[in-house]
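Listed here are the chains, written in short residue letters.
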Amino acid sequence: MRKNNKIKIIILLGILAISILFSITVGAVKIPLKDTVKIISSKIGFLSSKVDISNIKESNIFIVLSIRLPRILLAALVGSVLAVVGSSYQAIFKNPMADPYVMGVSSGAAFGATIGIVLGLNKGVFGFGITSIFAFVGALITTIIVYNLARVGNKISTTSILLAGIVMSSILSAGVSIMMIFNHDELASIVSWTMGSFNGASWKQIGVIVVPVAAGLVFLVSLSREMNAIVMGEEDAQNMGVNVERVKKMILVTASLLSACVVSVSGIIGFVGIIVPHLFRLLFDADHKMLLPVSAIGGGIFLLLSDTLARTIVPGTEIPVGIITSIFGGPFFLYLLKKSKSRKLI
Amino acid sequence: MKNISRLLLISILITALFSGLAFASTSLKFDGSTKVLTTELKDGRTFVAGSSLKSLGLDFTLNQSTAIVKNKEVELRFTLNTNKVKVNNTDFTLDSKSYKNGQEVYLPLRFILETLGYDVKWDKGTNGIRADKQKNISYPVTIESNEIKYTVAKEPSTIVSLAPDVTETLFAIGAGDKVKGRTQYCNYPKAVSAIKEVGSMYEPNVEVVIDINPDLVIAATHYKEEILNKFKEGKLSVLAKESPKTLEEMYDYTLKIGAVVNKNYEARALVSTMKSKVETVKMYTGNVKNKPKAYYVVGTGQYGEYTAGKDTFISEIIRVAGGINVADDVTGWSYSLEKLIDNDPDIIFGPDSDYETMTTSDNYKGLKAIKNNNYKIVDRDVFSRPSPRLIDEGLKVLVEMFNKNIVNKLSF
């Protein structure tokens, strides 16, 4: 069984690698496969001296290394985080519908970003990344509010947190809508932000989020045994020596911070946090030791391919990636759900 | 102040108009000396005789029905008996016609002076015209927007335009051949269909733009900072400016864009024609009584009423065209159904996409304009872009809507 799992993970990693390579070669501008390979290998240490890219158009090198590559890696990273965060929320809330939406994180981020856009801070001297910072702060404040609303003494009530999260989401969405009504000029920016997009992704963005995100992912994966215990039942978990309240809090805080991080750079991308964990529960097993790593890899593959579709399906036009994840992911998931005999939903 | 002196000039010209066609000589303060020009006053405009232009350092030749005025840097070709003129081979339409009277050819004086870069005023002291040389905007051209200074060091030979109004302005001043990329919304003039599409204003495809490798990317209002940063990272020069919100800003922006693409003469010619058209229309509509109340539809129906409030250029041209903008009681774009009903406009104009909602929904049934079949369908693009079409087409459409008898008097 364990050996089997390792092989599965290796196969998934292989698919991820192939997806990355494939995505680098496609785009609105046609760059010959040979050139793409050369450009990539020129950046890999031991190969760099052996390839000659001097006769490749400079703009093509920029397109591959500074437009496609960061975008692809960012999409994969965000996909991983959304999937792992989804799995973790679903485990601690024992609710198959839980994802960053439910906690109000996404709406909080959207609210923050909208304020940034409406104040005009996304343009001009402040320019770079101000919207992201506002989104991050919005997500964080919302999480703190939801958490405190649901906290009774030292305990967090699962039902309360879901209810508080959903209601906060509604309030904040209404807030976003009202700002949209009064700021007709910025409608396009706000709508585009709330539908999610990796257009314009840069190494800088990756640089900012990669360390905290990687640390958070590792931390969540390290709590998989505790998650298993909580899913089985909080009392049993307590008896097994798991400090349920403490673990729940740790997971909640980490997952919320992680989603705040990624949502602030990508905008709101729905569905990944629900579809990917459930897909792998159906395909493999509900054991979090396995589920979290495969969700991370699978989420990366899923969002990366969705984004590749988003930027290539209509040449020269960007389609918000959130639309692609729903249109293509949704029916596939429903098919699996129907076909699967054992409905291990959580 | 500038406006007042312009108005003064016009009113004097109007007085002259009523005294019939006036043969006169006009004194002109020009480059520090006073010239006496042979002029005629017609349709409220001063026309200068071709033979007088020499004293302004201009060559004048007549080639059948084309009058050519030129110096070392610029050539103006007027087609007589029409309002057409070419400035360095770019077409413009004037507010009035050039003509021949006996042996003499008469050309619009203000247009010539403004194209050459002079500010034209009525000088009370000498009872004549004063032309003050304006500072030429030359490279490096600096444009400031949102507290960022953009500098263009030399003439760009290739441009990607990320806004329809920018594309239209570039074509209007004869820089259309520089445009190598445009958004999917840039649909005017027809020649743009041959230019590569790069996506939307807000989400252009970065790869495609980088691949075009233009000397300059010009964006307006709707742009995404991350994308512009990406262009800068790819070593492209970027110019991003909020789109003009008033006619004055539009004139100013046109001149700046002209300087950016080294089309100063053309840009000045364009601004001169736009200003004089606005003035001519104002002259006619100024003393119209019973101005109709007009309402412009930006959006309607389920998602609420949107229109152009008093701080928009649409409100400005409604005023110029001799109408009253119903929505002058708000700023921005948001309105309400109740206010619309309360104000009960005489005329509603908007895009064809909103026609059905307004004419079939019970909400609007009671409106005078709807009852009288006065929902006028207009081209949304013309009214949403601060570009020359706003005046050449938009203003005219409105004049026709508001004061039918005036539109026949216009010669553009």
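Just above sits the structure.
Cut-offs used in this document
Residues numbered from 1 in each chain as written. Chains lettered and ligands numbered in written order. Predicted model: local features only at pLDDT ≥ 70, side-chain atom pairs only at ≥ 80, totals over all residues. Heavy atoms only, no water. Helix = DSSP H or I, 4+ residues; strand = E, 2+ residues; numbered from the N terminus. Buried < 20%, exposed > 50% of the residue type's maximum accessible area, 1.4 Å probe, protein only. Contact = heavy atoms within 4.5 Å. Areas by Shrake-Rupley, 256 points an atom, 1.4 Å probe, with all protein chains shown as cover. Lys, Arg positive; Asp, Glu negative; His and termini not counted. Charge placed at Lys NZ, Arg CZ, Asp CG, Glu CD. Core = buried A, V, L, I, M, F, W, Y, C linked by side-chain atoms within 4.5 Å. Pairing = 2+ DSSP bridges. Axes fitted to C-alpha atoms, helices over the stretch in contact; angles between N-to-C directions. Parallel < 35°, antiparallel > 145°, perpendicular 65-115°, else oblique. Left-handed = near helix turned anticlockwise from the far one by under 90°. Nonpolar A, V, L, I, M, F, W, Y, C, P; charged D, E, K, R; others polar. Salt bridge = Lys/Arg side-chain N within 4 Å of Asp/Glu carboxyl O. Expected span 1.5 Å × (residues − 1). Bend = angle between axes of the 7 residues up to and from the residue. Phe/Tyr/Trp six-rings, centres within 6.5 Å; stacked < 30°, edge-to-face > 60°. Lys NZ or Arg CZ within 6 Å of the ring centre and 35° of its normal.

Draft legend 1. Just the overall build of chain A, in detail. When helices and strands are tallied, chain A shows 14 helices and two strands. Along the longest, intermediate and shortest principal axes, the C-alpha atoms of chain A span 65 × 60 × 35 Å. When burial is assessed residue by residue, chain A has 55% of its 346 residues classed as buried. Sequence-distant contacts in chain A: of pairs separated by 6 or more residues, those separated by 24 or more amount to 76%. Entry remark: accessible area of chain A is about 15100 Å², with carbon and sulfur atoms responsible for 70%. Of note, chain A has its 29 positive side-chain charges centred 7 Å away from the centre of its 15 negative side-chain charges.

Draft legend 2. Local environment of the nonpolar core. If you look at the biggest cluster of nonpolar residues, it comprises 210 residues, and the most contacted ones within it are Phe78(B), Phe231(B) and Phe349(B). Examining the composition of this core, we find that 22 residues originate from one element, helix α3 (residues 58-93) of chain A, more than from any other. In terms of nonpolar packing, the next biggest core, distinct from the first, is built from 14 residues, Tyr335(B), Met358(B), Leu367(B) and Ile370(B) among them.

Draft legend 3. Just the sheet that holds strand β6 (residues 75-79) of chain B, in detail. All names here are of chain B. One open sheet accounts for five strands, arranged β4-β5-β6-β7-β8; its pairing is antiparallel. Strands with a single pairing partner mark the edges of an open sheet, and in this sheet they are β4 (59-63) and β8 (90-93). When the angles between neighbouring strand axes are averaged without regard to direction, this sheet yields 20°. Where strand β7 (residues 84-87) and β8 come together, four bridges link them in antiparallel fashion. In the sheet register, Lys86 faces β8, and the bridge partner there is Asp91.

Draft legend 4. Region of the structure containing the packing of helix α4 (residues 105-118) of chain A against helix α7 (residues 187-195) of chain A. Residue and element names in this part refer to chain A. Two elements in contact, α4 and α7, have axes separated by 10 Å at closest approach and are oriented at 155°. With respect to each other, α4 and α7 are oriented roughly antiparallel. Judged by the twist between their axes, the crossing of α4 over α7 is right-handed. Residues Ala109, Ala110, Ala113, Thr114, Ile117 and Val118 of α4 lie in contact with α7, whose contacting residues are Ser189, Ile190, Trp193 and Thr194. Split into classes, the residues belonging to the contact of α4 with α7 amount to seven nonpolar, three polar and no charged.

Draft legend 5. Broad picture of the pattern of salt bridges. Residues and elements named next belong to chain B. In this structure the tally under the stated criterion is 26 salt bridges over all chains. Taking the shortest distance from any N to any O, the salt bridge between Lys230 and Glu233 comes out at 4.0 Å. One end of the pair is Lys230 and the other is Glu233, both in helix α5 (residues 225-233) and three residues apart, which spans about a single turn. On the accessibility criterion, Lys230 (1% relative accessible area) is buried. Residue classification places Glu233 among the partly exposed residues on the basis of a relative accessible area of 37%.

Draft legend 6. Region of the structure containing unusual backbone geometry. All names here are of chain B. Cis geometry marks the peptide bond from Tyr139 to Pro140, where omega comes out at -5°. Mapped onto the fold, Pro140 is located in the loop between β12 (128-133) and β13 (141-145). Looking along the chain, the bond that leaves Tyr188 and enters Pro189 is cis, with omega of -5°. One non-glycine residue, Asp31, adopts positive backbone phi at about 50°. Topologically, Asp31 is positioned in the loop between β1 (22-30) and β2 (33-42). In this structure, Asn262 takes a positive phi of about 60° despite not being glycine. Within the secondary structure layout, Asn262 lies in the loop between α6 (247-260) and α7 (264-285). Residue classification places Asn262 among the partly exposed residues on the basis of a relative accessible area of 41%.

Draft legend 7. Up close: helix α13 (residues 389-402) of chain B. The first and last C-alpha atoms of α13(B) sit 19 Å apart over 14 residues, in line with the 20 Å expected at 1.5 Å per residue. The largest bend in α13(B) is about 25°, located at Leu395(B).

Draft legend 8. Inspection of the pairing of β6(B) at higher detail. All names here are of chain B. Burial of β6 is one-sided: the residues Leu76 and Phe78 facing one way are buried, the residues Glu75, Arg77 and Thr79 facing the other way are not. Relative to β6, strand β5 (residues 66-70) runs antiparallel, the two sharing five bridges. Paired with Lys70 across the two strands is Glu75, which belongs to β6. Linking β5 to β6, which pair antiparallel, is a turn of four residues. Inspection of the sheet shows β6 paired to β7 by three bridges, in the antiparallel sense. Paired with Phe78 across the two strands is Val85, which belongs to β7.

Draft legend 9. Region of the structure containing helix α2 (residues 109-116) of chain B. Residue and element names in this part refer to chain B. Of all eight residues in α2, eight are buried, a share of seventy percent or more. Considered for burial, the residues of α2 that qualify are Leu109, Arg110, Phe111, Ile112, Leu113, Glu114, Thr115 and Leu116. Within two residues after α2, Gly117 carries a phi angle of roughly 105°, on the positive side.

Draft legend 10. Highlighting the side chain of Ser169(A). Residue and element names in this part refer to chain A. As for its position among the elements, Ser169 is in helix α6 (residues 158-182). Note on Ser169: relative accessible area 10%, which makes it buried. Ignoring anything within four residues of it in the chain, the contact list for Ser169 reads Tyr101, Gly104 and Ser107.

Draft legend 11. Summary view of the packing of α2(B) against α7(B). All names here are of chain B. One way to put it is that α2 packs onto α7 with a least axis distance of 8 Å and a crossing angle of 145°. As α2 packs across α7, the resulting crossing turns out to be right-handed. For the pair α2 and α7, contact is made by Arg110, Phe111, Glu114, Thr115 and Leu116 and by Tyr265, Arg268, Ala269, Ser272, Thr273 and Glu279, respectively. Per-class residue counts for the contact of α2 with α7 are four nonpolar, three polar and four charged.

Draft legend 12. Summary view of the sheet that holds strand β25 (residues 375-377) of chain B. Residues and elements named next belong to chain B. The sheet built from four strands is open, its strands ordered β22-β20-β24-β25 with parallel pairing. Among the strands making up the open sheet, the edge pair consists of β22 (324-325) and β25. In this structure, strand β24 (residues 347-350) lies alongside β25, joined through three bridges in parallel fashion. Counted as the bridge partner of Ile348 is Tyr375 from β25. In the packing of α13 onto the sheet, the strands contacted are β20 (293-296), β24 and β25, and the crossing angle to β24 comes to about 155°.

Draft legend 13. Representation of the packing of aromatic side chains. All names here are of chain B. Per the stated rule, a full pass over the model turns up ten aromatic pairs over all chains. Seen in terms of ring centroids, Tyr99 and Tyr106 are 5.5 Å apart; in terms of plane orientation they differ by 20°. Their pairing is stacked. Take Tyr99 and Tyr106: they sit in the same class, and that class is buried. Through successive ring pairs, a cluster of aromatic residues spans Phe47, Tyr99 and Tyr106. The ring of Tyr99 has Lys42 sitting right over it, with the charged end atom 4.3 Å from the ring centre. The ring centre of Tyr265 lies 4.7 Å from the NZ or CZ of Arg268, which sits over that ring.

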